[in-house]
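# Geometric and topological summary
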Amino acid sequence: MSEQTYALAIHGGAGVILRERLSEDMEAEYRAKLLDAVEAGEAVLKAGGTSIDATIAAVRVMEDSELFNAGKGAVFTHEGRNEMDAAVMDGKTMDAGAVAGVTRIRNPIEAAKRVMTHTGHVLLMGEGAEEFAEEQGIALVDPSYFHTQKRWDQLQKAIAMGAETSLDHSDNKFGTVGAVALDSHGNLAAATSTGGMTNKRWRRIGDTPVIGAGTYAQNATAAISTTGHGEYMMRYTVARDVCALMEFKGLDLQAAAREVIHERFGKAGGDGGLIAVDAHGNIALELNTPGMYRGSVKAGGAIKIEIFR
Ligand code: ASP
């Protein structure tokens with residue numbers, strides 16, 4: 001593989017994202033921020049950095065933006081809290097790290113990486129995860145940092161509609177963010193971060209921090225990050241299934257991604273999508289919803305940003 005070979009894809013959530021409901025200004029804002037995220041990740045890859053660092057750089061940009069349901073801009077629980085989940089996986093070592101239900105970590109993806117690199121564990125939750133993050137010198141913030149009016153209004157609307165937790169996610173938009181990358185050393189990585197679903201209760205945790213469901217990376221096959229209805233992602237182990245179809249049945253990346261999203265997850269009733277990259281730098285962006293905020297770039301190519309299906 002040449003030194004210049006790398007590839008990166010990102011998503012900022014899937015769902016009922018319709019051209020007629022997205023104003024020109026909002027569309028421009030989303031496109032600009034997705035571009036920032038791809039550029040942040042690509043800068044790491046161009047400089048010869050690791051796929052782990054590239055995916056984290058891209059995810060951080062989206063965590064810091066109110067546009068997406070991760071970090072600042074995370075959705076509210078039924079009780080009016082912002083509880084976030086994040087995970088990262090290294091395809092070379094198959095090490096993984098994740099945090100779930102955290103309320104004070106400014107960039108949950110940073111804490112997930114530290115769980116991977118500085119503990120013998122994969123998943124830490126709630127206050128324990130925050131205590132660990134603090135020990136690691138990761139920035140903590142007051143929970144009010146995550147409060148945004150738009151998300152608060154979405155919660156009030158969901159409560160007024162008396163909607164079920166699983167059905168009322170911000171007009172059926174899943175705003176989770178994620179990134180997958182192949183670096184110039186031939187290594188794959190995946191990272192995903194989310195506020196979960198609007199109006200969730202009982203400390204519900206979705207697929208994002210569950211390795212094999214929302215996040216997965218394996219050098220021999222692919223790196224995957226998903227967005228969509230987490231309960232289906234978990235029950236159908238969506239991220240791992242893409243890799244399993246490649247590993248055991250010899251499907252190529254695109255065929256495996258299509259099979260999992262449309263024939264398994266989709267037919268079971270799940271709404272959402274995934275981004276994937278394989279060890280050759282092929283990229284697959286697959287969705288069964290009207291839209292998914294997404295972007296990608298390959299070494300020597302132009303950055304592509306797309307929103308609608
Ligand atoms: N997958 C996330 C969850 O179920 C939601 C999303 O994609 O926005 O927690």
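As shown above, the structure is provided for reference.
Here's what I pulled together on the structure shown here.

This part takes up the overall build of the chain. Helix and strand counts for the chain come out as eight helices and 13 strands. Here the C-alpha atoms of the chain give a radius of gyration of 17 Å, agreeing with the 19 Å that 2.2 N^0.38 yields for 309 residues. C-alpha atoms of the chain, sized along the principal axes, occupy 55 × 45 × 35 Å. Counting the 309 residues in the chain, one finds 58% classified as buried. Excluding contacts between residues fewer than 6 apart, the proportion of contacts in the chain whose partners are at least 24 apart in sequence is 69%. For the chain, the exposed area adds up to about 12,100 Å²; of that, 49% sits on carbon and sulfur atoms. Charge centroids of the chain, computed over 31 positive and 41 negative side chains, lie 3 Å from each other.

By the criterion of burial, strand S12 (residues 291–298) is predominantly enclosed, with seven of the eight residues buried. Across seven bridges, the pairing between strand S1 (residues 7–15) and S12 is antiparallel. Among the inter-strand pairings, Gly 15 is bridged to a residue of S12, identified as Gly 291. As judged from the four bridges shared by S12 and strand S13 (residues 304–308), these two strands associate in the antiparallel manner. Across the sheet, the residue bridging to Arg 294 is Glu 306, located in S13.

Now for the sheet that holds strand S11 (residues 283–287). Read from one edge to the other, the open sheet built from four strands follows the order S8-S9-S10-S11, with strand pairing classed as antiparallel. Of all strands in the sheet, those with a lone pairing partner are strand S8 (215–217) and S11, marking the two edges. Sheet twist, expressed as the average angle between the axes of neighbouring strands with direction ignored, equals 10 degrees. Relative to strand S10 (residues 272–278), strand S9 (residues 222–228) runs antiparallel, the two being bridged by seven bridges. Note that in S10 the partner of Ala 223 across the bridge is Val 277. Against the sheet, helix H8 (residues 253–268) makes contact with S9, S10 and S11, and its axis sits at roughly 15 degrees relative to S11, the strand it touches most.

The next point concerns the site of the ligand. Around the ligand sit Asn 69, Phe 174, Gly 175, Thr 176, Gly 196, Met 197, Arg 204, Gly 206, Asp 207, Thr 227, Gly 228 and Gly 230, and that is every residue in its neighbourhood. One of the side-chain N or O atoms of Asp 207 is found 2.7 Å from a nitrogen atom in the ligand. At a separation of 2.7 Å, a nitrogen atom of the ligand approaches a polar backbone atom of Gly 228. Relative to its unbound accessible surface of 270 Å², the ligand loses 100% to contact with the protein. Among the cavities detected, the one that contains the ligand is the largest cavity. Broken down by class, the residue content of the shell around the ligand amounts to two nonpolar, eight polar and two charged.

Listing the buried residues of helix H3 (residues 108–118) in full gives Pro 108, Ile 109, Ala 111, Ala 112, Val 115 and Met 116. Buried positions in H3, seen along its axis, are confined to an arc of 160 degrees and lie on one side of it. Its buried side turned inward, H3 meets helix H2 (51–63), strand S2 (84–90), strand S3 (96–102), strand S4 (123–125), helix H4 (126–135) and strand S7 (188–194).

Here the structure, examined in full by the defined rule, presents five aromatic pairs. Between Tyr 30 and Phe 68 the ring centres are 5.6 Å apart and the planes differ by 75 degrees, which places this aromatic pair in the edge-to-face class. Here Tyr 30, found in helix H1 (residues 24–46), pairs with Phe 68, found in the loop between H2 and S2; they are 38 residues apart in sequence, far enough to count as distant. The pair formed by Tyr 30 and Phe 68 is uniform in burial state, with each residue classed as buried.

The next subject is empty space enclosed by the protein. If you walk through the whole model with that rule in mind, you get one cavity of 30 Å³ or more. Approximately 70 Å³ is the volume found for the largest cavity. Grouping the amino acids of the lining of the largest cavity by side-chain chemistry returns two nonpolar, nine polar and two charged.

So, how was this worked out
Residues numbered from 1 in each chain as written. Predicted model: local features only at pLDDT ≥ 70, side-chain atom pairs only at ≥ 80, totals over all residues. Heavy atoms only, no water. Helix = DSSP H or I, 4+ residues; strand = E, 2+ residues; numbered from the N terminus. Rg over C-alpha atoms; globule rule 2.2 N^0.38 Å. Buried < 20%, exposed > 50% of the residue type's maximum accessible area, 1.4 Å probe, protein only. Contact = heavy atoms within 4.5 Å. Areas by Shrake-Rupley, 256 points an atom, 1.4 Å probe, with all protein chains shown as cover. Lys, Arg positive; Asp, Glu negative; His and termini not counted. Charge placed at Lys NZ, Arg CZ, Asp CG, Glu CD. Pairing = 2+ DSSP bridges. Axes fitted to C-alpha atoms, helices over the stretch in contact; angles between N-to-C directions. Near = heavy atom within 4 Å. Polar contact = N/O pair within 3.5 Å; in protein donor to acceptor, adjacent residues only side chain to side chain. 1 Å grid on protein atoms, 1.4 Å probe; cavity = no way out; pocket = protein on both sides within 12 Å on 5 of 7 lines; lining within 4 Å. Sits in = over half its atoms within 2 Å of the grid points. Nonpolar A, V, L, I, M, F, W, Y, C, P; charged D, E, K, R; others polar. Arc of directions from axis to C-beta. Phe/Tyr/Trp six-rings, centres within 6.5 Å; stacked < 30°, edge-to-face > 60°. Points joined across faces, edges and corners; volume = space filled by probe spheres on them.

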